[in-house]
Protein chains: 4
Amino acid sequence: MLIDKNAIASHNEKLLPQHEKGFAYLMGMQPGVEKVIRKLIDFQVAIPSWALGTGGTRFGRFSGGGEPRNLEEKISDVGLLHALNRSSGAISLHIPWDIPGDAAKTKALAAQYDLRFDAVNSNTFQDQPGQKHSYKFGSLQHVDKATRKQAIDHNIEVIRHGIELGSKSLTVWLADGSCFPGQLNFRKAFQNTLEGLQEIYAALPPDWKVFVEYKAFEPNFYSMTVGDWGQSLLYANKLGEKAYTLVDLGHHLPNANIQQIVALLLNEKKLGGFHFNDSKYGDDDLTVGSIDPYQLFLIFNELVEGMDARNMDHANDLGWMIDASHNVKDPLEDLLQSVEAIMIAYAQALLVDTGSLQDAQQNNDVARAQEILQHAYRTDVRPIVAEARLRSGAALGPLQLFRENKLRDALVKERGERTVATGL
Amino acid sequence: MLIDKNAIASHNEKLLPQHEKGFAYLMGMQPGVEKVIRKLIDFQVAIPSWALGTGGTRFGRFSGGGEPRNLEEKISDVGLLHALNRSSGAISLHIPWDIPGDAAKTKALAAQYDLRFDAVNSNTFQDQPGQKHSYKFGSLQHVDKATRKQAIDHNIEVIRHGIELGSKSLTVWLADGSCFPGQLNFRKAFQNTLEGLQEIYAALPPDWKVFVEYKAFEPNFYSMTVGDWGQSLLYANKLGEKAYTLVDLGHHLPNANIQQIVALLLNEKKLGGFHFNDSKYGDDDLTVGSIDPYQLFLIFNELVEGMDARNMDHANDLGWMIDASHNVKDPLEDLLQSVEAIMIAYAQALLVDTGSLQDAQQNNDVARAQEILQHAYRTDVRPIVAEARLRSGAALGPLQLFRENKLRDALVKERGERTVATGL
Amino acid sequence: MLIDKNAIASHNEKLLPQHEKGFAYLMGMQPGVEKVIRKLIDFQVAIPSWALGTGGTRFGRFSGGGEPRNLEEKISDVGLLHALNRSSGAISLHIPWDIPGDAAKTKALAAQYDLRFDAVNSNTFQDQPGQKHSYKFGSLQHVDKATRKQAIDHNIEVIRHGIELGSKSLTVWLADGSCFPGQLNFRKAFQNTLEGLQEIYAALPPDWKVFVEYKAFEPNFYSMTVGDWGQSLLYANKLGEKAYTLVDLGHHLPNANIQQIVALLLNEKKLGGFHFNDSKYGDDDLTVGSIDPYQLFLIFNELVEGMDARNMDHANDLGWMIDASHNVKDPLEDLLQSVEAIMIAYAQALLVDTGSLQDAQQNNDVARAQEILQHAYRTDVRPIVAEARLRSGAALGPLQLFRENKLRDALVKERGERTVATGL
Amino acid sequence: MLIDKNAIASHNEKLLPQHEKGFAYLMGMQPGVEKVIRKLIDFQVAIPSWALGTGGTRFGRFSGGGEPRNLEEKISDVGLLHALNRSSGAISLHIPWDIPGDAAKTKALAAQYDLRFDAVNSNTFQDQPGQKHSYKFGSLQHVDKATRKQAIDHNIEVIRHGIELGSKSLTVWLADGSCFPGQLNFRKAFQNTLEGLQEIYAALPPDWKVFVEYKAFEPNFYSMTVGDWGQSLLYANKLGEKAYTLVDLGHHLPNANIQQIVALLLNEKKLGGFHFNDSKYGDDDLTVGSIDPYQLFLIFNELVEGMDARNMDHANDLGWMIDASHNVKDPLEDLLQSVEAIMIAYAQALLVDTGSLQDAQQNNDVARAQEILQHAYRTDVRPIVAEARLRSGAALGPLQLFRENKLRDALVKERGERTVATGL
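Residues numbered from 1 in each chain as written. Chains lettered and ligands numbered in written order. Predicted model: local features only at pLDDT ≥ 70, side-chain atom pairs only at ≥ 80, totals over all residues. Heavy atoms only, no water.

Asker: Can you help me understand the overall build of chain A in this one?
Answerer: On a plain count of helices and strands, chain A comes out with 15 helices and 13 strands. A principal-axis box enclosing the C-alpha atoms of chain A has dimensions of 65 × 60 × 40 Å. Out of the 424 residues in chain A, the part that is buried amounts to 69%. Considering only residue pairs separated by 6 or more positions, chain A has 79% of its internal contacts joining residues 24 or more positions apart. Counting every atom, chain A has about 13700 Å² of accessible surface; 49% of that belongs to carbon and sulfur. Looking at charge distribution, chain A has the averaged site of its 43 positive side-chain charges lying 3 Å from that of its 53 negative ones. (Helix = DSSP H or I, 4+ residues; strand = E, 2+ residues; numbered from the N terminus. Buried < 20%, exposed > 50% of the residue type's maximum accessible area, 1.4 Å probe, protein only. Contact = heavy atoms within 4.5 Å. Areas by Shrake-Rupley, 256 points an atom, 1.4 Å probe, with all protein chains shown as cover. Lys, Arg positive; Asp, Glu negative; His and termini not counted. Charge placed at Lys NZ, Arg CZ, Asp CG, Glu CD.)

Here you go:
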């Protein structure tokens, strides 16, 4: 571990006077802060194993140094994040990018860092060396039964890995679709995909969930076989009660109202989880909250309202994960920024005066409804988020500490300048 | 009636030699033309009563002359279109814009023109004079039960009018939604809307259908309560087997793949009907096929393929209607162009070599699949469409005849320069 | 005037203790606040005369009560806003919706409320009663010289009105364009429009500016003759140094980076002014900052940076106006919310640590650059904005005061329930 | 060469009777066909050297076999295309993907295939092995002068290569931009880029052109430093008369009216050339005309109209190139489809009755204008395009011949199954 409790303690000591001033001010202005802090402490956002290295586009990858070279180092990186913010207590593995050689050892390693294994992710959008059938024309949708079978088997194998690690869910994201009109019979592609998902579903342990992720488009595509929440929900409903829709914030057509989608899926009891990121033009996988933080707040507002309406447990009843690509920032710094943005949005949503909001809605008092939401959003909740960190043993300023203690330099020293993490 | 059989006959006589040359050429090049012609003859596209006058935007309406002043004149206009092309044999009424005073008389009038009454359309997006509750904040979604009740009652009254006229379906389009974050509780809005639709559904005669139309956005809106096919399908599934989704080509987010939506809805047995138009930027309600005719062809390709796969009757098992706004063209000329574009796209789709296409798809021969579709699309099918008209007693060149015989001038003379049709 | 200084004073007295606490806290945390306050006090946002009544869509207008019935009452409404927030000290007239009968009297009335006249706006997108030539097919672009002449003359008349009132700029927004491919010869439309603008430009007094507003699309359109900043800039450059581009936040294609456009136009010395609003799908004319407040901040960040780089006067060197439509809110409340959102974004932009930001940029320290911007944005600057109001004699809580003192009720009592303001 | 004249001749002989029937029919129906044929024969579309292999996305590349292994084989592939259609008589090189070892030899080889060298393309969006300064944070926009210098020098080197090969133009496409708000000072990035372009411009031979290509967005980006035609035109105007804007059909925001952009750039004498492709969602680089062939026709309609208005030479005064990615089709088949789609659209545009169209426009006869365009578009011009090929010694059915003669199999046999072309 790169950082010990003493380093965090001495960092906190230094920042404490300033923090206490801010926190005291907020406590004096805003009711209900204690309750918010308790919820923040419980809330954990999973880090995907494939996002700990520099991301790339089709033109190349411009790596920084000190990237993790194997699964152990990836777990170590997430452990570092979690030590810094105590909000990243889970890791999500991608198979076959990160197959644990010895599951028990891997589990023990994660436990040392107080990490659990979140959803496992299958990959049928790339051909692996030695793979018998190609996914060039899709996987579960494929016209050839043998290719579909291979993709199904892979997913079942991923479940098996997940069981060994203590995961409780499988995320299926398919790059299935077509590039040109006429290439695909949409009905048959849907039917093939459904049947494949049904076989995978049948292999789920009783206490598992499967998340069917949708995406509006891929570069060079003309259609997507799981293209929007409507399609994902169709699959999930046909599969059964262990199947859910997964929402990735970047996977929508321009101008989509994601907040409303979230509310409707929750209402249908079919929202399974989230992939957080932000975007300007397409599926940009940018840092959470870096482009449209108000949308993030509005999404959390629906989540809090909808989960509370069904007495759901914020921390455990949905899957929360960051799914971003870090191309021009240090991946660990970027992830710290993303988690901070999530915690801020969540805290703001928890501050919404729901009673007054319901009154305003019931009276069609639109200006007042806006005032209520914007009051929560305009509140500077950073001291609340920092206090939650402080109480859970994390750093008051995780990014600041990462920089001041030159943790990336230490990683580079340990791992070298030219390491390249597997993944996106 | 402004046009008699003799006028059409003498027009056709004049164009016949040229037509016969083109038709003979196509018959020599393309197999299966006779079958296509029979299907074209059967295919009828309904004309909405509200689109016979000049349309307007928020800045005003620039009317032409001779617009129909009442329901009788609207029926007469559709009768004229149908006489010219024999493909517009249905009219779709909008209540309360066009309430028949004496239903039996109205029915008899339509019968004279060989017209039937297509879906009836309700209106809960405008306040009518003397209306008790305002729809400013929505209708079926409204927080106030009395307003919802009023909207439900209106729909039931529309069904009653439809029964009298021989309609067999109700189209419900709602401008319900919200303008600002916080204005609406999405879950409650959905639930209220569903309950309202359920009451309307309960009032449907056994042989009726209800079409739930969706729309991605309205000007000045932030959310739509029936915003995409996913939401519409949710309502339709919860309502029951008489409920269907209706697709309006202009009601989607940018870049949506409408063809795929059509295929999936057909596959779910929940596609009810179509509102045809075209658009460049938003819900522009432009002439069908005027902006993206290949998309129109691809949609018909899915319709033909999907309906044939379920042995559906092209002409009668779905509702076909034009829903466009005619702001800078003569509405009747514009409608003639729209019907022509629809018949062309349908004819091209019928020419697709489906056996070869299935082979290409089964072999992932993408280039070949594209060739097959584009061969059908690039074929100049206008002689086939004209032949279908000729055989059904219509004009070889409906628009040409409308102009040559100065039919608009006749309408202006009869109705005046400054008439303004009710409707959009 | 509906509100007197005493009412404001007693309102402020009540809120003062709470305000002072918040302001003191911010003063302790954030350097440079005094300078920010001075700039905020100077900053005035013009209110358009057409946005004081309830707005409408093509389906209708659902009016509230107490709307201004004439220009005098509109000026009174803006006067009320300005009394409440001391940031709305200008009114922008739209001709012919609001032609002053007696310019001197109108000017005197405005002076009583401490209002000046901002840009005057021409209207060639609607036909006025008795107008000789119709704008159905455009105005300055029109194929007919007489129609173009009429549009030019109207603009020159608008300038004349503006001179009488003390305006210093003319805003030209054209709904010119086409609905269908082939309708327009793009080159000739451009040329005609340019020549028209040149004649209008020639009529400008030496100390005037003309703003050429662009807009990406209108409902039912296929092309716009001033459709984007590139086209507007072409016109402005060909016209001369008194011609500028005007940016309306809602007038862009999906996903456009407006911030960058603003920076580039400033760099070209061709940014003339702003129409503030917000939008979800199209040109929605929603309350400023109600959908994407971070974008608003980023725009102000470019404005502050770019204006400072050229030593421009924030308050006076660009034209600032709200251009929104108030369909479901009280227009005055909505405008108070919009001004507040603008002042908040401006204050946050003024708090950006520009020295550190430049360092981060120079070092490609992307994470740090984001931290700097987000620190300013996450700061709750409402006490600073309120302090600026307090010092300029306005209300600490303008919207709160408007509601508590039941000012809309007073307007309804004075003007009636069923008044409908002219305008959008 | 894989195909000899005899093979083409015997193919043509087989198809001739059918072709002659179709061509005779068209000659009888449509005036002006001979003139169209002459223009089609002259029209040549350049093939980029990087698009002869299978394209990839960020998830991988699924190669077919027989891809060209070096520049010589790429030239051979383009030679084959040109032999088949006689419309692909130019190749566009990308440096450093395809640096000729011996320019004279390369030139001689190309001459054997009757190919000339079109624009040369520089690459400053990827780091090359051993490169001193990284383009991670841009090239010409870079904050560091040495990096900018390196990018400038590279462009000048590319010009040098081009001179040796007989090219007459340089295409500069920059992936410069930023991923996050705050990362870039937009003004400085613009200024740096401009200065870099100026240095490159200074190195242009007198008879050369430079094309400044724009692109609205890249994956993972927040801003583009040459993002739209407005920005490109700014650069081109500041550079001088040898600088032009280059339009790539896929490089626009959703719903952009590319036709109008083309017309305006032509009018400004700043349209330099075209990169043809098609797209559904973003910059998809799909086969030309595979998604929206009517848009392609409308673009050619503007090109023909605008070039004729200035007496430009269609074949030589603009640069025409395909820029697509072939991910699921055989690249050579895909390119044959693209060229065919271009020739069809060009032929249709040449058939437009421009005199009647001008009349209709002058009379605001919108319906008639649409009829005129659609008549040309709906005409099946494939026999005209085939006749042009026949007369220039190409195959009547290039794709058909490619398949029947199993030319890909021959390439695989010659080059192997597992070759991977350099490039995209």
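Asker: Would you explain the confidence of the model for chain A in this entry?
Answerer: In low-pLDDT regions, the fine details of the predicted coordinates are not to be read closely. Across chain A, pLDDT averages 96, with 99% of residues at or above 70. Listed scores for the predicted complex are pTM 0.98 and ipTM 0.97. (pLDDT = per-residue confidence, 0-100.)

Asker: What is the right way to read the relation of the copies chain D and chain B from this model?
Answerer: A rotation about an axis combined with a shift along that same axis relates the two copies of the chain. Taken as rigid bodies, chain D and chain B are interconverted by a rotation of 180 degrees and an axial shift of 0.0 Å, the fit giving an RMSD of 0.0 Å. Within this description, the copies of the chain are treated as partners about a two-fold rotation axis. Residue Asp380 of chain D of chain D places its C-alpha closer to the rotation axis than any other residue of that unit, at 2.6 Å. Of the residues that chain D buries at the interface, 100% are likewise interface residues in chain B, meaning the two copies contact each other through the same surface. (Least-squares fit on C-alpha atoms with pLDDT ≥ 70 in both.)

Asker: Would you explain the side chain of Gln150 of chain B in this entry?
Answerer: Residue and element names in this part refer to chain B. As for its position among the elements, Gln150 is in helix α5 (residues 145-165). Of the polar contacts made by the side chain of Gln150, one reaches the backbone oxygen of His133; its length is 2.8 Å. If we skip the residues at most four places from it in the chain, Gln150 touches Gln131, Lys132, His133 and Tyr135. (Polar contact = N/O pair within 3.5 Å; in protein donor to acceptor, adjacent residues only side chain to side chain.)

Asker: Looking at this structure, how should I read the sheet that holds strand β5 (residues 116-117) of chain D?
Answerer: Across a sheet, paired strands are connected by hydrogen bonds in the backbone, their directions being either parallel or antiparallel. Residue and element names in this part refer to chain D. Taken together, the 3 strands give an open sheet; going across it, the order is β1-β4-β5, and neighbouring strands pair in parallel fashion. Either end of the sheet is taken by a strand with one partner, and the two such strands are β1 (47-48) and β5. Of the pairings in the sheet, the one linking strand β4 (residues 90-92) to β5 comprises 2 bridges and is parallel in character. Paired with Ile91 across the bridge in β5 is Phe117. (Pairing = 2+ DSSP bridges.)

Asker: Any chance you could explain the packing of aromatic side chains here in plain terms?
Answerer: When we look at a pair of aromatic rings, we describe it by the centre distance and by the angle of the planes. One pass over the structure, following the stated rule, counts 76 aromatic pairs over all chains. Summarising the aromatic geometry, the rings of Tyr25 of chain B and Tyr25 of chain D are spaced 4.0 Å apart at their centres and angled 15 degrees between planes, so their arrangement reads as stacked. Highlighted residues: Tyr25 of chain B in helix α1 (residues 5-29) and Tyr25 of chain D in helix α1 (residues 5-29), drawn from two different chains. Seen in terms of ring centroids, Phe274 of chain D and Phe276 of chain D are 5.3 Å apart; in terms of plane orientation they differ by 20 degrees. Their pairing is stacked. Of the residues examined, Phe276 of chain D reaches a relative accessible area of 0% and is grouped as buried. Within the aromatic cluster, the residues linked to one another by ring pairs are Phe43, Phe274, Phe276, Phe300, Trp320 and Tyr346 of chain A. Between the NZ or CZ atom of Lys242 of chain A and the centre of the ring of Tyr201 of chain A, over which it lies, the distance is 5.2 Å. In this structure, Lys329 of chain C packs its charged tip against the face of Phe180 of chain B, placed 3.7 Å from the ring centre. (Phe/Tyr/Trp six-rings, centres within 6.5 Å; stacked < 30°, edge-to-face > 60°. Lys NZ or Arg CZ within 6 Å of the ring centre and 35° of its normal.)

Asker: I keep staring at the pairing of strand β7 (residues 169-172) of chain C and nothing clicks. Help me out?
Answerer: The side chains of a regular strand alternate between the sheet's two faces. Residues and elements named next belong to chain C. Neither face of β7 is exposed, since Ser169 and Thr171 on one face and Leu170 and Val172 on the opposite face are all buried. Relative to β7, strand β6 (residues 120-121) runs parallel, the two sharing 2 bridges. By the bridge assignment, Asn121 is partnered in β7 with Thr171. Pairing of β7 with strand β9 (residues 209-213) involves 4 bridges; the strand directions are parallel. Counterpart to Ser169 in the pairing with β9 is Lys209.

Asker: Before we go on, may I ask you to explain the packing of α1 of chain B against helix α2 (residues 33-42) of chain B in this structure?
Answerer: If you want to describe how two helices pack, look at the angle between their axes and the distance between the axes. All names here are of chain B. For the pair α1 and α2, the least separation of the axes is 9 Å and the interaxial angle reads 125 degrees. The angle between α1 and α2 places the two elements in the oblique class. Listed contacts from α2 to Phe23, Leu26 and Met27 of α1 are Val33, Glu34 and Ile37. (Axes fitted to C-alpha atoms, helices over the stretch in contact; angles between N-to-C directions. Parallel < 35°, antiparallel > 145°, perpendicular 65-115°, else oblique.)

Asker: I keep staring at the interface of chain A and chain B and nothing clicks. Help me out?
Answerer: When the parts of a complex come together, some accessible area is lost, and that lost area is often used as the size of the interface. Contacts between chain A and chain B engage 50 residues on the former and 50 residues on the latter. Carbon and sulfur atoms supply 57% of the area that chain A and chain B bury against each other, a total of about 4500 Å² over both sides. Run the count over chain A and chain B and you get 4 salt bridges. In this structure, Lys238 of chain B and Glu268 of chain A form a salt bridge, with 3.0 Å as the shortest nitrogen-oxygen distance. Tallied by class, residues from the side of chain A that touches chain B come to 24 nonpolar, 19 polar and 7 charged. (Buried area = accessible area lost by both parts, 1.4 Å probe. Salt bridge = Lys/Arg side-chain N within 4 Å of Asp/Glu carboxyl O. Nonpolar A, V, L, I, M, F, W, Y, C, P; charged D, E, K, R; others polar.)

Asker: It is not clear to me how the interface of chain D and chain B should be interpreted in this structure. Could you clarify?
Answerer: Every contact between the two is made by 41 residues of chain D and, on the other side, 41 residues of chain B. Overall, the association of chain D and chain B removes approximately 3600 Å² of surface from exposure, summing both partners, and the carbon and sulfur fraction of that is 48%. There are 2 salt bridges connecting chain D and chain B. At the surface where chain D touches chain B, the tally comes to 17 residue pairs in polar contact (both at pLDDT 80 or more). Secondary-structure elements contributing two or more residues to the side of chain D that touches chain B are α1, α9 (293-309), α10 (331-351), α12 (366-378) and α14 (398-404) of chain D. Taken together, the residues of the side of chain D that touches chain B break down into 15 nonpolar, 13 polar and 13 charged.

Asker: I tried to follow the sheet that holds strand β4 (residues 90-92) of chain A on my own but got confused; where do I start?
Answerer: Residues and elements named next belong to chain A. Read across the open sheet, the 3 strands follow the order β1-β4-β5; overall the sheet is parallel. Where the open sheet ends on each side, the last strands, each with one partner, are β1 (47-48) and β5 (116-117). Pairing of β1 with β4, which is carried by 2 bridges, proceeds in the parallel orientation. Bridge pairing in β4 places Ile47 opposite Ile91.

Asker: Can you walk me through the packing of α1 of chain D against helix α13 (residues 382-391) of chain D in this structure?
Answerer: Residue and element names in this part refer to chain D. At their nearest, the axes of α1 and α13 sit 9 Å apart, and the two run at 130 degrees to each other. Relative to α13, the element α1 is oriented oblique. You can see that α1 and α13 cross each other, and the crossing is left-handed. In contact with Asn12, Leu16, His19, Gly22, Phe23 and Leu26 of α1, α13 contributes Pro383, Ile384, Ala386, Glu387, Leu390 and Arg391. (Left-handed = near helix turned anticlockwise from the far one by under 90°.)

Asker: What's the story with the pattern of salt bridges in this structure? I'm lost.
Answerer: A side chain of one charge can pair with a side chain of the opposite charge when the charged atoms of the two come close. All names here are of chain A. If you walk through the whole model with that rule in mind, you get 88 salt bridges over all chains. Between Lys215 and Glu218 there is a salt bridge whose closest N-O contact spans 2.2 Å. For Lys215, a relative accessible area of 2% corresponds to the buried category. Note on Glu218: relative accessible area 2%, which makes it buried. What you see here is one network of salt bridges that share partners, running through Arg69, Glu73, Asp77, Glu414 and Arg415.

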